[in-house]
Every structure is written in structure tokens, then in C-alpha cells.
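# Observations on the three-dimensional arrangement
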Amino acid sequence: KQHYIQRRRRTKWTFARRHQTTWNKHQECSCRAVFERYKDLHVYQLEHPTQVLEWTSGNSVCVAGYSQSKNEILELRLPLKLLADENKSLCAERDFKVSHGGFTDGPVRCLTHIPGTRCAVTNDGLSSDLQVWDLGGEESDVIRRTGSIKGKRSASERGSRIAARPSSAPQVLHGAQISDVQLTELASGETLYKLETDSADPLSSLQFVSDTVFLAGCCNGSVYVADTRTSAPPQLSHSPSSAESVIWWTDAAAGPHPSSRRVIRVSSSGQAVVSDLRNLGGAGCQAQLDVQTPGRCSQVKVSWAPTLDDCISVSGFSGVVQIYNTRLWGAEPQEARPLFEHRGHAVSSQQTDDSVPTFVTSHIWHPERPRTLLSAASDGSVHVWDWVDPNRQGGSPTP
Amino acid sequence: MPEIKVTPLGAGQDVGRSCILVSIGGKNIMLDCGMHMGYNDDRRFPDFSYITQNGRLTDFLDCLIISHFHLDHCGALPYMSEMVGYDGPIYMTHPTKAICPILLEDFRKITVDKKGETNFFTSQMIKDCMKKVIPLNLHQTVQVDDELEIKAYYAGHVLGAAMVHIKVGSESVVYTGDYNMTPDRHLGAAWIDKCRPDILISESTYATTIRDSKRCRERDFLKKVHESIERGGKVLIPVFALGRAQELCILLETFWERMNLKAPIYFSTGLTEKANHYYKLFITWTNQKIRKTFVQRNMFEFKHIKAFDRSYADNPGPMVIMPGYCVQGTIGHKILNGQRKLEMEGRATLDVKLQVEYMSFSAHADAKGIMQLIRMAEPRNMLLVHGEAVKMEFLKGKIEQEFSIDCYMPANGETTTVTTNPSVPVDISLNLLKREMALGGPLPDPKKPRTMHGTLIMKENSLKLVSSEQALKELGLNEHQLRFTCHVQLQDPHSDADTLHRIYTHLKSVLKGYTIQHLPDGTVIVESIVIKVSSSAEDSNTKVLLLSWSYQDEDLGSFLSSLLKKGLPSGIC
């Protein structure tokens, strides 16, 4: 009898050891862990997955499908419970409200909202043409196509990147490769500015860092900074790595102070490089990110946290969204551990096809709430989460 | 044109009460009879004057169907049945029949006894009204009369909730009531077969929402409960015993087991004790998992959840108590709405020091759910009630695009008329089929539709299409032939034979594709129409054409006579 008991114990132990990772995952997903790691957590299932997440106001976001033919663009209002600060407990509404919706003829790979308007611009990833949309107002909940902007290329492998000018009359900066970048006025369709360069590097990011200065990140890791007011050639910062097959993604922190304007570049092999906007080639800090499947990724998104200093978020390597504190990074690349990982998409995946694991297609930070993010994955899930800083756990409530 | 008329008396574009009138195949059916909980006057009842200005409703309705026991679907039932007057059949599922009177009585007590209202139904009225109820089983076709039949389908949502399929002849309507497309811990998901109704009437309260997952709701709930318990506090969960209570009990029990918690959980006595009994009675209305485990142990008999006794109220915590649902007007209801000071009769004002959390666990269909249901049932038309028109244009467009069906969204009192296209199956006799097939080519040509001649015989309930000869034989009748003749005068100097030839040439050029023959006996034959020429007695230049045709060629014959009256074009030889 004793022998039998001993044998059983051993089996249990071996089982636990062999399945250490699953056990950890389990533990982390146990109720207590989920209670403590998140202040708020909302999980939604869209009918079709989205690759775009774009704020259209402080409490609404746009998503759109990317299947080959017809897709939907939806404007979703965030649940009232998440936004309510005073009467949060009396507010039972946890659902997204589809405030407006429309139909597209093709996939939507890029969606940009024009600030101060009810207008959005999309690109289908097949050419560099843009579609212009009216998101609708109070009288109707239908999103309608109002026009288009011709791009330079009728066929493009990745499509165009789009950036909206922060202030002034509605203008969009767009292009599929660095030599195509142009600034178009929406109302007239007139081209107001063109980036003068010969290089044909495809773009992976495009954003304004001030009202007239923009940053264009290429897939090969080089970064161009230019000003739309001048026709002077752009500043070029070469890629941190000369490796051929590596793709890079870039994000610039749009801070109020020039000193806080930093740029981060992340590669498909998990390398991350931070530099100052005014001195891109200079010494910054770097790290080797803890990504599960380096190399196998196409929709990496890297983003500076709008209100948390030095924090960045990365997604697209797997079904996880990671948050890192770059202050801990040094001049030499070392392995960095994430400050926080949101594993919800990987763990509770709705995907039926097991051969293709779920991966996060996009994520965004809430512009004001310090630790609130939205993330979307390839299985159609969309999560809204307010994470707890593990270093401050158990202390006073986070602001 | 055959049509179905739908008029929401309540619902339509007002979330508050459901009461929908359907006119189908000459039958009038009322779907649900709900009370609007937001009003205190007559506006809380549906406006029955739409059906008749005064007098009883019995003559105007063939039946009334109640989908489930929520007051916004059955609250006005005793008023309609006993105060306005209706003696016809009332259909609802067994659980609804058992639970409805409990809610109605509870509601009556609060309204009359506590609020002191007078124009309200009495306990006796509730009892009398329930006597008119005929209970329904799932998937069982019930003949209301010779022509009207109904069938109930599982709707999820609450115990006993049903979606109803209504059929008159070959026209049908499905009404969903409130339903839910995702199963929860104690109820299954709604299900219906591909019944292809002419109209699917669905609630759309949550049509423009994307619902937060059940797991997140549960997580939030358990987190709050857990935090209180850890602090040694007491948790009160007011919830209707036969609604979400069972769901929460199963959830709490599972959580207590997993976290090895010891704090007691109490159920208030009274209704909630009976709840167990009802769930055992209606076990077939719960989900599969519950039914499977029921064999081993009753999932509604909990290890950690016991009956409450008032004496426990002063026991120190931690504890969880589930009193019943807080009806409008009660202290509980006021606290849930955020009131922090309570004025008690004869006592001083009390400060509410409870931490109040309002959480929703209701099970409704969202946009995805509605699309799923449409895919299941495959209706020819869609009708949405309980929503706001302006906010549903996108959904309407989505439904119309994806399924190529019309989507209607009537307001209260607005009648939607849907034209139906009932297909009537008819047998065709083999002879007739063979004959018609022989006339044309091997394949039918959509560009050249042909008229088929036959006779439709309706005997008893069967319809048969046979050839005319066969029909005459069966009926023992003789066939009569009708032949028309007409004379047309024509000015033509040629000889009779030449004129005839000219006519022949003319017709050949005009009537391409028709069989035109010029016979040696001096006639021109177009299909079966005979044309002869003779000269007028007075004037040899005036020709008289004799046209003769049988009734079957009436159209062509008329055409020819008009054509020839215009005369022959010159240049014809």
C-alpha cells in the first residue's frame, strides 16, 4: 500500500515538472492572479478580426476587417463602466456599443482618423491609393465613403502608411515607400509637399512628431526626419543593423518637450534600439526583447506609452502584448524582461485552426488613462485592459 | 397579394414592454403582453384600443402567446385578460405557466399594497387568467384551430423562455421573444431549425452592442465578493430566485470549491426554496451539462449554499446572502439606484453605508447573435423590435446585404406589411409534362417563356395540373370550340390570287418565326389562322379578307386583323 502511494506521488511530481510551463500558465490565470494583475479587464469577440485600432475620440475607437473582399468598418464606443470614474460601481454597462458602421470593398490595412473631424482615411494594403470616409454623426449610424486619394503606386506589397496632420486643415501624409511620401490636402486633393529622396525603401511607419515635422521609418530600419514646410532633404539615420532579412518598426514619442522626443526601433529578431530624435545615430539604449517567436512576424506594433515615462509596448510576435520599462536598458544590448505581459489573446484563443497560433494584430494605449490599453488579435478578439504595475502592487490605488 | 401584417403595440422602438400583433392568413395573434415598468399610469399597459375601441378582445384575436415570465413580456396579461376582456386560448411553456403567476402576484402586491394604486388587477384575476392557459412543449406542433398551428423552440435567456413558430397554410412567422445565442452555466443557447419563415421577428435591444465576455463579468463579480469576504464583510446579492440566481449560485459554488473558501452563502427563504423544486421539475429546460450531472447529483443542491434565517442577520461576517429581486418601490431598489439616504416611516433618516455594485448578468443576443439566428432560421424577411431606428441603419444594411432579405423596424403603433410569396406545390400529370416538353426544345429558354395550357383541379387538399382533355374526361364534360371570324376590307387592284400572294409575302416579312403557309387551295394559314381573299360584289378593286381563328389563337388573330386593316405596303409583289 505504501509502495502504491509512493509511486503515485512520484508520478504527480514528474507530471508537474514536465508540464512546468503549462502549470505556470495555469497559476497565472487562476482567479487570484487575474484579480491582482488587472484593475479592469474586458474581453470582446468581433465577428471578424481587425488589424487596425484607431482612436476617433477619447472614448471611441475604429476597427476594420482585412479579408480579401467585403469588410466592415466599425466605430465602437468604449463601455461606460470603464470610463466612469465617480459612479463606476453603479454603472453596469460593460459592452462595446457599435455607434457607427460601414462597408468596404477590400481589406483595411491602415486606418487613420483626422483629428477634429468625423473623417477617416484608409488603405487596403494592395496599392497606395487611399479611401476617405465620413464616420457619421447623430442622425445616422452609417459610415460612408466620401472619396479617394490617388497614391503613386497602383500595386504595392504592403500598401501605404498614413499619418494625419495634428492641427490645421485636414491633411494626410502618406506613401508606400520613402520616395513616395506626400502630403495631400483632403478637401482639394492637392499635393502640398513631397519628400525628395531617391531611395525606394518600403515604409513600416509614418507619423508626425510636431505639426510639420514627421518621421518615416523604413522596413530596413533606416529612419528619415523631414519638415513639410521645407523642400530640404530629410535627415537620414541608418539602420541599426545591416542584416538583410530583418524588418524594423519604429515609433516616436510625441512629448511636449523636445527632450522627451525619443524614437524606438524594434526588429523582427527582437532587437530594440532607443535614440533621441535630435540625435538618431547617437548613443541611446538597447535591449534584446523577450519575444517568443523572433523572425516570424509581420504585424509588429511598437508604441511609447502616452503618459508613463519610458514605457513602451510591443506586440505582433505572438499572442502576447508586452510592456517594457526602457529606463532599465543600457548602452549594450542585454536581454530585457517585460514589466508586464498581457497573455489573454493567447490563452483564451477562439481560433479553430490550431496550426496557426493566434497573434496580436494591433494594440493602442488610451491617450489619457495611464495604464489602459486595447489589443486585437487574429482570432477576432479585442481586449480592453487596465494593468496593475507589479512594482506597485498592494500599495495605494494607482492614479 | 398575400401579406402578413405586424404591429408592435409596445416594443417597436421603445424598450419597456413587448406586445406585438400579427395578422397572418386571416388569423390575428398577439405575441406577449408586457407591462412597461417605467410608467405609473395607463401608459404602462399596451394600447389595446388599436384592436378595438371598446369591448372584449376575444372576437378579434385567435390566440395570445407569451414567450417568458419577465414582466415586460407578461405583466399586462391579467389586465388584458380580465379587465379588458379576453377568453380565447393563451399559450406559454410549462415553466412560464408555473412561474408567471408568482411574479404577477409579487408585482401586484407591491403596486397595490405598498403603493396604494387602485386601477390594477387583483389576485383573483391572476388566477382566472392562468386558467385560460394551454401549456406548450418544445418542438411540439399545436393546432390552435383548423388552419393555425404553433410550435415552441428553446430560447435560452431564462427558464422556460421560448421562441414561437406560427404557421397558417404556407405562410409562417417566427417570434423570438428574448433569446440568447451563447449558453451559460445553467441554460443552453437558443436553437431553431431551418424553418424559413416569411418573417423573423427578433428583439434588438442589444443589436448594436458587442458584449463583454461572460468570463470578465464573472471575474469582476467574484473579485468584489472575494474582496469583501477577505475583509470579513457581508455581501448581499439581490437577484430573482428563478432568473440569474441559479447562474450565480453555480458560479459561487464553483469558485468556493476552487479557492477553498469557507464563508457561508445563504439563500433567502420563500421563493428561492421553491426555485430548487422548479428547476428539478423543469430539468429538461436547463443545459446539457446540468442534465448530465443531474443523474449523479442535483446541481441545484449546493454544498456551500444554505437557506437563510433572519436570526443570522446579526452574525459577524464574512457571509454572502442572496435575497430576492428588488422590485421598483422597495428599499433595495432605491439603494441599487444610488440613493444614499433612506427616509424610513416613523424613524429617522438612515445613511446607506453599503458599498453598492451594479452588475448585469442578463442573457440577450447581440449583433453577432442576431446574425447567427438569421443563419439558422433563414427567414425571407426580418423585423426588428425593441431598438432605435436611427441607431440601427447599419445593422439593417448588414442584414440586407449579407442575406439579401428586407429588414423592417416599425415604431409603436406602426404596421409593417410584408408581401409574401407563398409557393403552392402542385402535381402535374405525366402526360401533360411530356407533351409540353415535346413542344419546346430539350431545355427551357428563359428568353422565350411559353404559356402552358392545362387545367388545375383542386380535390380535397390536393392540387393537380392535368391536360384539358383529361380534365374534361374526369369531369364528364364536352369540349366546345370557339371560332372567330372577321372581315377586313382592302383596296387592291390585283386579282384575288395575287392579293393573297401579296398578303402571304407581307406576313412572312412581319411575322418572322411563325409558321406561315400558302396553300394551293387558295388560303394562307398562319399557325392555325385561316385567311381567304375574295372580291367585293360591287367593286373588284375592293378585296374582302376573311380571317378565321380559334379561341386559342385569339391574340395572334387580333393582331393580324389590326395589321391587315392598315393595308398592304406598296412594293410588295
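Residues numbered from 1 in each chain as written. Chains lettered and ligands numbered in written order. Predicted model: local features only at pLDDT ≥ 70, side-chain atom pairs only at ≥ 80, totals over all residues. Heavy atoms only, no water.

The next point concerns helix 15 (residues 554–565) of chain B. All names here are of chain B. The end-to-end C-alpha distance of helix 15, which contains twelve residues, comes to 17 Å, matching closely the 16 Å that a straight helix rising 1.5 Å per residue would cover. Along helix 15, the residues classified as buried are Leu556, Gly557, Leu560, Ser561, Leu563 and Leu564. With its buried residues spanning 165° around the axis, helix 15 presents them on a single face. Of the exposed residues in helix 15, those oriented more than 90 degrees away from the buried face are Asp555 and Lys565. In the segment just after helix 15, Gly567 is the residue with positive phi, at about 90°. (Helix = DSSP H or I, 4+ residues; strand = E, 2+ residues; numbered from the N terminus. Expected span 1.5 Å × (residues − 1). Buried < 20%, exposed > 50% of the residue type's maximum accessible area, 1.4 Å probe, protein only. Arc of directions from axis to C-beta.)

The next thing to look at is the packing of helix 5 (residues 214–230) of chain B against helix 6 (residues 245–259) of chain B. All names here are of chain B. In the contact formed by helix 5 and helix 6, the axes pass within 11 Å of each other and the chain directions differ by 60°. For helix 5 against helix 6, the interelement crossing comes out right-handed. Where helix 5 abuts helix 6, its residues Lys214, Glu218, Phe221, Leu222, Val225, His226 and Ile229 lie against Glu247, Leu248, Leu251, Leu252, Phe255, Trp256 and Met259. Per-class residue counts for the contact of helix 5 with helix 6 are ten nonpolar, one polar and three charged. (Axes fitted to C-alpha atoms, helices over the stretch in contact; angles between N-to-C directions. Left-handed = near helix turned anticlockwise from the far one by under 90°. Contact = heavy atoms within 4.5 Å. Nonpolar A, V, L, I, M, F, W, Y, C, P; charged D, E, K, R; others polar.)

The next point concerns the sheet that holds strand 23 (residues 311–315) of chain A. All names here are of chain A. As summarised here, the arrangement of the four strands in space is 22-23-24-25, forming an open sheet in which the pairing is antiparallel. Of all the strands in the sheet, the pair left with one neighbour each is strand 22 (301–304) and strand 25 (340–342). Across the sheet, the mean angle separating the axes of adjacent strands is 15° when strand polarity is ignored. Two strands pair when backbone bridges link them, and strand 23 and strand 24 (residues 321–325) are joined in this way by four bridges, in the antiparallel orientation. Residue pairing across strands places Ser313 opposite Ile323, the latter belonging to strand 24. (Pairing = 2+ DSSP bridges.)

For chain B, per-residue confidence averages 85 on the pLDDT scale, and residues scoring 70 or more make up 94% of the total. Scored as a whole, the predicted complex attains pTM 0.79, and scored at its interfaces, ipTM 0.81. (pLDDT = per-residue confidence, 0-100.)

Across the boundary between the two partners, chain A contributes 38 residues, which contact 38 residues of chain B. Applying the counting criterion to the chain A and chain B interface returns nine salt bridges. Ionic pairing is found between Arg94 of chain A and Asp212 of chain B, a salt bridge with its closest N-O pair at 2.7 Å. Where chain A touches chain B, the interface holds 20 residue pairs in polar contact (both at pLDDT 80 or more). Counting residues per element, the ones that place at least two in the side of chain A that touches chain B are helix 3 (31–37), strand 1 (38–45), strand 4 (71–77) and strand 5 (96–104) of chain A. In terms of residue count, the dominant contributor to the side of chain A that touches chain B is strand 1 of chain A (eight residues). For the side of chain A that touches chain B, the residue count by class is 17 nonpolar, seven polar and 14 charged. As paired strands, strand 5 of chain A and strand 12 (residues 209–210) of chain B are joined by two bridges and run antiparallel to one another. Bridge pairing in strand 12 of chain B places Phe96 of chain A opposite Ile210 of chain B. (Salt bridge = Lys/Arg side-chain N within 4 Å of Asp/Glu carboxyl O. Polar contact = N/O pair within 3.5 Å; in protein donor to acceptor, adjacent residues only side chain to side chain.)

Moving on, we get to the packing of aromatic side chains. Following the criterion strictly, the structure yields 20 aromatic pairs over all chains and no others. Ring centres of Phe208 of chain A and Phe214 of chain A lie 6.3 Å apart, and the angle between their planes is 65°; on these two criteria the pair is classed as edge-to-face. We note that Phe208 of chain A, like Phe214 of chain A, is buried. When the ring of Phe45 of chain B is compared with that of Tyr79 of chain B, the centres are 3.8 Å apart and the planes differ by 5°; the resulting orientation is stacked. Of this pair, Phe45 of chain B sits in the loop between strand 3 (27–31) and strand 4 (63–65) while Tyr79 of chain B sits in helix 2 (residues 77–85), and the two are 34 residues apart along the sequence. Of the residues examined, Phe45 of chain B reaches a relative accessible area of 4% and is grouped as buried. A relative accessible area of 15% places Tyr79 of chain B in the buried class. Sitting above the plane of the Trp387 of chain A ring, Arg371 of chain A keeps its charged end 5.6 Å from the centroid. The aromatic ring of Tyr206 of chain B is capped on one face by Arg211 of chain B, whose charged end is 4.5 Å from the ring centroid. (Phe/Tyr/Trp six-rings, centres within 6.5 Å; stacked < 30°, edge-to-face > 60°. Lys NZ or Arg CZ within 6 Å of the ring centre and 35° of its normal.)

Right, let's talk about the side chain of Thr372 of chain A for a bit. Residues and elements named next belong to chain A. Following the sequence through the fold, Thr372 ends up in strand 27 (residues 372–377). One polar contact links Thr372 to Asp386, side chain to side chain, over a distance of 3.4 Å. With near-sequence residues (within four places) excluded, Thr372 lies in contact with Leu82, Ile364, Trp365, His366, Val384, Trp385 and Asp386.

Moving on, we get to the sheet that holds strand 5 of chain A. Sheet architecture is open: five strands sit in the order 2(A)-3(A)-4(A)-5(A)-12(B), paired in antiparallel fashion. The sheet is open, and its two edges are formed by strand 2 (54–57) of chain A together with strand 12 of chain B, each paired on a single side. Against the sheet, helix 11 (residues 393–403) of chain B makes contact with strand 4 and strand 5 of chain A, and its axis sits at roughly 45° relative to strand 5 of chain A, the strand it touches most.

Attention now moves to the pairing of strand 10 (residues 161–164) of chain A. Remember that side chains alternate between the two faces of the sheet whenever the strand is regular. Residue and element names in this part refer to chain A. Relative to strand 11 (residues 171–175), strand 10 is paired through four bridges, and the arrangement is antiparallel. Looking across to strand 11, one finds that Ala163 is bridged to Leu173. The hairpin formed by strand 10 and strand 11 contains six residues between the paired strands, and Ser168 there has a positive phi angle of roughly 65°.

So, about the nonpolar core. All names here are of chain B. Grouped together as the largest cluster of nonpolar side chains are 99 residues, with contacts concentrated most on Met30, Phe48 and Ile201. Met30 has contacts with Cys19, Ile20, Leu21, Phe48, Ile51, Leu61, Cys63, Leu64, Ile65 and Met80, leaving out every residue within four places of it along the chain. Counting 28 residues, the second largest nonpolar core, distinct from the first, contains Val225, Cys249, Ile305 and Phe361. (Core = buried A, V, L, I, M, F, W, Y, C linked by side-chain atoms within 4.5 Å.)

Before going further, it helps to spend a moment on unusual backbone geometry. A positive phi is found at Asp310 of chain A, a non-glycine position, where the angle reads about 70°. Along the chain, the position of Asp310 of chain A falls in the loop between strand 22 and strand 23. Even without glycine at this site, His157 of chain B takes up a positive phi of about 65°. As for its placement among the helices and strands, His157 of chain B is situated in the loop between strand 8 (148–154) and strand 9 (162–168). According to the relative accessible area criterion, His157 of chain B is buried, its value standing at 3%.

Quick look at empty space enclosed by the protein now. Going through the model one piece at a time under the given rule, you end up with three cavities of 30 Å³ or more. Within this model, the largest cavity holds a volume of roughly 60 Å³. Looking at the largest cavity, the residues that line it are Met35, His36, Met37, Tyr39, Asn40, Arg44, Phe107, Thr111, Lys115 and Gln328 of chain B. Looking at the lining of the largest cavity, its residues break down into four nonpolar, four polar and two charged. There is about 50 Å³ of room inside the second largest cavity. What lines the second largest cavity is simply Lys81, Cys91, Ala92 and Arg94 of chain A together with Arg217, Asp220, Tyr358, Met359, Ser360 and Phe361 of chain B. Taken together, the residues that form the lining of the second largest cavity break down as five nonpolar, one polar and four charged. (1 Å grid on protein atoms, 1.4 Å probe; cavity = no way out; pocket = protein on both sides within 12 Å on 5 of 7 lines; lining within 4 Å. Points joined across faces, edges and corners; volume = space filled by probe spheres on them.)

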